[in-house]
Amino acid sequence: MTVTTPASRAAQILSRPIALGGLTVPNRIVMAPMTRMFSPGGVPGEDVRSYYARRAAAGVGLIVTEGTYVGHESAGQSDRVPRFHGDEQLAGWAKVAEDVHAAGGTIVPQLWHIGMVRKQGEPPFADAPAVGPSGLVTAGAEPTGRAMTQQDLDDVVEAFAQAAADAERIGFDGVEIHGAHGYLVDQFLWAGTNRRTDAYGGDPVARTRFAAEIVAAVRERVSPDFPVLFRYSQWKQQDYTARLAETPEELEAILTPLAAAGVDVFHASTRRYWLPEFEGSDLNLAGWTKKLTGKPAITVGSVGLDGDFLRAFQGEGAPVRTLDNLLDRLESEEFDLVAVGRALLQDPEWAKKVLQGRFDALGAYDAAALKTLY
């Protein structure tokens, strides 16, 4: 008789490979994208290469990089956040991908435009204005930026498409489009910041048009089996209680056009993965996403830690949380992969320890980890 121990159960559930388009990910552990700001001039250097490769070598199946600015002057507001355009920047990223592959991992860049969150006067392009669907940074605010013209929309769509093409060209395994947390793409999805009366505003399907155009343009510029991931959230950094959808039907209206446009995998960002998304069901946001679209889904949100990640930016740590509930949900195929943020930031060998069942070797999160690129 074979006895399944907690250690062997974790290994059995998490060690299963999964196909995402033409990519086979060796296990179900994903490194979540986390902004680190260690790339002067937007160029990822040797320390960034080591940071990602170290986690791949320790068992992370798929790495989603920190957000990287696409080639549009209003896309970002820091000269230390990496860019995914420019010869020097792309050469740096090519080395990151090479090192991750050499360590046995797979990697996709997260492509990012911050939209109305941008403060004019900040690098890398100080004169670039903040732009968004309606010039609003949050619901109920006065306009502080420029509502995007059709030319603006076309330029941003092209910037995402070019970044995706470059990602495939320099050796990445797929791309993730950042459509979450109140940044540009999400500003179109959310009624609170999208007050447009043209084809890009109005009902949930119309508000999805811009995101779907980005996905379709990306899909057209990369190989058919090159995975396209899409990260989205209900909550926004400007409003943690915000919701794109109050019901499964509303969520389906938003996700269906994105799936049709070419999304292969949805990355459903929540602050606590164990919370149900809608009344009457225990499914979390990733679970509903998979059920409604039939696409593979990644869950995320305080995995392995008992404490909201937002408090980390206020200097708070977090104790270790059991993975039993997570393993139950993965085993029942509620979702397909799990993205880990702070726990992996704190400990580059977190995946190895979990896959080996060494749960007693997992440590609490210390917010001081944000200050290093360990």
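This structure is a prediction, so every number in the text was calculated from the model and none was measured. (Residues numbered from 1 in each chain as written. Predicted model: local features only at pLDDT ≥ 70, side-chain atom pairs only at ≥ 80, totals over all residues. Heavy atoms only, no water.)

Draft legend 1. Focus on the overall build of the protein chain. Counting secondary structure elements, the protein chain contains twelve helices and twelve strands. Considering only C-alpha atoms, the protein chain reaches an extent of 65 × 50 × 45 Å along its principal axes. Per-residue burial for the protein chain yields a buried fraction of 60% across its 374 residues. The long-range fraction of contacts in the protein chain, counting pairs at least 24 apart against all pairs at least 6 apart in sequence, stands at 73%. For the protein chain, the computed accessible surface area is about 14,200 Å², with 50% contributed by carbon and sulfur atoms. Where the 36 positive side-chain charges of the protein chain centre and where its 48 negative ones centre are 4 Å apart. (Helix = DSSP H or I, 4+ residues; strand = E, 2+ residues; numbered from the N terminus. Buried < 20%, exposed > 50% of the residue type's maximum accessible area, 1.4 Å probe, protein only. Contact = heavy atoms within 4.5 Å. Areas by Shrake-Rupley, 256 points an atom, 1.4 Å probe, with all protein chains shown as cover. Lys, Arg positive; Asp, Glu negative; His and termini not counted. Charge placed at Lys NZ, Arg CZ, Asp CG, Glu CD.)

Draft legend 2. Main features of the packing of aromatic side chains. Scanning all chains against the criterion turns up 13 aromatic pairs. Seen from their ring centres, phenylalanine 84 and phenylalanine 172 are 5.6 Å apart, and the 75° between their planes marks the pair as edge-to-face. Here phenylalanine 84, found in the loop between β4 (62-69) and α3 (87-102), pairs with phenylalanine 172, found in the loop between α4 (150-169) and β8 (175-181); they are 88 residues apart in sequence, far enough to count as distant. Comparing phenylalanine 84 with phenylalanine 172, the two get one shared label, buried. (Phe/Tyr/Trp six-rings, centres within 6.5 Å; stacked < 30°, edge-to-face > 60°.)

Draft legend 3. Seen up close, α4. Helix length check: α4, at 20 residues, gives a terminal C-alpha distance of 29 Å against a target of 28 Å (1.5 Å per residue), a fit within 8%. For α4, every residue scored as buried is listed here: Asp152, Leu153, Val156, Val157, Ala159, Phe160, Ala161, Ala163, Ala164, Ala165, Asp166 and Ala167. The elements touched by buried residues of α4 are α3, β5 (106-112), β7 (146-147), β8, α5 (184-189) and α7 (209-221). Positioned one or two residues after α4, glycine 171 has a phi angle of 110°, which is positive. (Expected span 1.5 Å × (residues − 1).)

Draft legend 4. Highlighting empty space enclosed by the protein. Counting across every chain of the model gives one cavity of 30 Å³ or more. The wall of the largest cavity is formed by Gly304, Leu305, Val320, Ala343, Gln346, Asp347, Trp350, Leu362 and Gly363. The residue inventory of the lining of the largest cavity, partitioned by class, reads five nonpolar, three polar and one charged. (1 Å grid on protein atoms, 1.4 Å probe; cavity = no way out; pocket = protein on both sides within 12 Å on 5 of 7 lines; lining within 4 Å. Points joined across faces, edges and corners; volume = space filled by probe spheres on them. Nonpolar A, V, L, I, M, F, W, Y, C, P; charged D, E, K, R; others polar.)

Draft legend 5. Molecular detail of the layout of surface pockets. In this model, the second largest pocket occupies a volume close to 270 Å³. Every residue lining the second largest pocket is counted, 15 residues in all, and those nearest its centre are Arg243, Thr270, Arg271, Leu275 and Glu277.

Draft legend 6. Structural detail: the nonpolar core. Counting residues in each nonpolar core, the largest one holds 104 residues, and the members touching the most others are Phe230 and Trp350. In terms of residues, this core owes the most to one element, α4, which gives nine residues. Contact partners of tryptophan 350, with chain neighbours within four places excluded, come to Ile29, Val303, Leu323, Val340, Ala343, Leu344 and Leu362. With 15 residues, the next largest nonpolar core counts Leu20, Val25, Val64 and Val108 among its residues. (Core = buried A, V, L, I, M, F, W, Y, C linked by side-chain atoms within 4.5 Å.)

Draft legend 7. Structural context of unusual backbone geometry. Omega for the bond connecting proline 123 with proline 124 falls within 30 degrees of zero, at 5°, which places this linkage in the cis form. Within the fold, proline 124 resides in the loop between β5 and β6 (131-132). We note that histidine 181 has phi near 65°; this positive angle belongs to a residue other than glycine. The topology assignment puts histidine 181 in strand β8. Notably, serine 302 is not glycine yet its phi reads approximately 60°, a positive angle. Note on placement: serine 302 falls in the loop between β11 (297-300) and α10 (324-331).

Draft legend 8. Geometry of the confidence of the model for the protein chain. Confidence along the protein chain averages 94 in pLDDT terms, with 95% of residues attaining 70 or more. Predicted confidence in the protein chain is weakest over helix α1 (residues 6-14), with a mean pLDDT of 86, and strongest over β5, with 99. (pLDDT = per-residue confidence, 0-100.)

Draft legend 9. Highlighting the pairing of strand β9 (residues 228-236). Of all nine residues in β9, nine are buried, a share of seventy percent or more. In the sheet, β8 pairs with β9 via six bridges, with the strands oriented parallel. In the strand pairing of β9, valine 175 is matched with valine 228. When β9 meets strand β10 (residues 265-269), the two strands line up parallel, connected through five bridges. Across the sheet, the residue bridging to phenylalanine 230 is phenylalanine 266, located in β10. With helix α8 (residues 248-261) bridging β9 and the parallel β10, this β-α-β connection has right-handed handedness. (Pairing = 2+ DSSP bridges. Right-handed = clockwise from strand over helix to strand, strands pointing away.)

Draft legend 10. Quick peek at the packing of α8 against helix α9 (residues 285-293). Contact geometry for α8 and α9: axes closest at 10 Å, N-to-C directions at 65°. Considering their axes alone, α8 and α9 lie roughly perpendicular with respect to each other. Here α8 runs over α9; the crossing is right-handed. Packed against α8, whose contacting residues are Pro248, Leu251, Glu252 and Leu255, the element α9 presents Leu285, Trp288, Thr289, Leu292 and Thr293 at the interface. Looking at side-chain class alone, the contact of α8 with α9 contains six nonpolar, two polar and one charged residues. (Axes fitted to C-alpha atoms, helices over the stretch in contact; angles between N-to-C directions. Parallel < 35°, antiparallel > 145°, perpendicular 65-115°, else oblique. Left-handed = near helix turned anticlockwise from the far one by under 90°.)

Draft legend 11. Looking closely at the packing of α7 against α8. Two elements in contact, α7 and α8, have axes whose closest approach is 8 Å; the angle formed by their N-to-C orientations is 15°. One finds that α7 runs roughly parallel with respect to α8. Where α7 crosses over α8, the two elements pack in a sense that is right-handed. Taken together, the residues of α8 that come into contact with α7 (itself represented by Ala211, Ala212, Val215, Ala216 and Arg219) are Pro257, Leu258 and Ala261. Looking at the contact of α7 with α8, its residues break down into seven nonpolar, no polar and one charged.

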